[in-house]
Amino acid sequence: MNTLQKLKRKTLRALFHYDPSYTDMFADKSEFYFARLYLHQMNPYLEQLPEGARVLDAGCQAGRFTVALGKMGFQLTGIDTSGLSLARAKKHCKEHQVRAEFIRGEIGNVCKRLPPQSFDLVLCAEVLYLYPHFESLMKSMVGVLKPGGLLMTSHRTRFYY
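Since the structure is predicted, the reported quantities are computational estimates derived from the model, not experimental observations. (Residues numbered from 1 in each chain as written. Predicted model: local features only at pLDDT ≥ 70, side-chain atom pairs only at ≥ 80, totals over all residues. Heavy atoms only, no water.)

(A) Structural detail: helix H6 (residues 134-143). Taken as a whole, H6 has its buried residues at Leu137, Ser140 and Met141. For H6, the buried positions fall inside an angular range of 100 degrees around the axis, keeping them on one side. (Buried < 20%, exposed > 50% of the residue type's maximum accessible area, 1.4 Å probe, protein only. Helix = DSSP H or I, 4+ residues; strand = E, 2+ residues; numbered from the N terminus. Arc of directions from axis to C-beta.)

(B) Region of interest: the environment of Lys146. Structurally, the position occupied by Lys146 is in strand S5 (residues 145-154). The sequence separation of Lys146 and Ser118 amounts to 28 residues, and the corresponding C-alpha distance is 5.6 Å.

(C) Main features of the packing of aromatic side chains. Taken as a whole and assessed by the stated rule, the structure comprises one aromatic pair. Between Tyr38 and Phe65, the ring centres sit 5.5 Å apart and the planes meet at 90 degrees, which makes this aromatic pair edge-to-face. Of this pair, Tyr38 sits in helix H2 (residues 29-46) while Phe65 is found in the loop between strand S1 (54-58) and helix H3 (66-71), placing the two residues 27 residues apart along the sequence. Given the relative accessible area of 3%, Phe65 is considered buried. One Lys or Arg, Arg54, reaches over the ring of Phe119 and ends 4.4 Å from the middle of that ring. (Phe/Tyr/Trp six-rings, centres within 6.5 Å; stacked < 30°, edge-to-face > 60°. Lys NZ or Arg CZ within 6 Å of the ring centre and 35° of its normal.)

(D) Focus on unusual backbone geometry. For Gln61, which is not glycine, the phi dihedral falls at a positive 50 degrees. Structurally, the position occupied by Gln61 is in the loop between S1 and H3. Judged by its relative accessible area of 13%, Gln61 is buried. With phi around 55 degrees, Glu126 is a residue other than glycine that occupies positive phi space. Tracing the sequence through the fold places Glu126 in the loop between strand S4 (119-125) and H6. On the basis of relative accessibility, which here comes to 15%, the residue Glu126 falls in the buried class.

Right, dumping it as structure tokens:
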């Protein structure tokens, strides 16, 4: 992508919250289907969490899990590096009457600033493959888990591509 195209894309994202190449994982039908599959697999563990448990959605994108978990009564915090994604997540949460806090930043750095042992569940789905040193990222996420808390992660393998 040349410099002019990058500038155009960044301008559209910053000023209009629009990017023609952006996939909203909450609104996309195939991603919605896969989110339901994830939630089906997670449900037995989610049922073990206390009522009103605090959940960190690390790499929340447009809120495909944030909204669903919020509807289940959990207290949500979402982290993402993309302002466009967070704007979409806020929009989806508002449309579905889900309260959530959102933080823009890199997951590992944000986790280091959050109070230790403050979440019952940290969810990080399809994000770890973006981090060459995902082990340190996982340590940061474990640091914000309460004793006995759950860390749920998944990622695409190198064979996906």
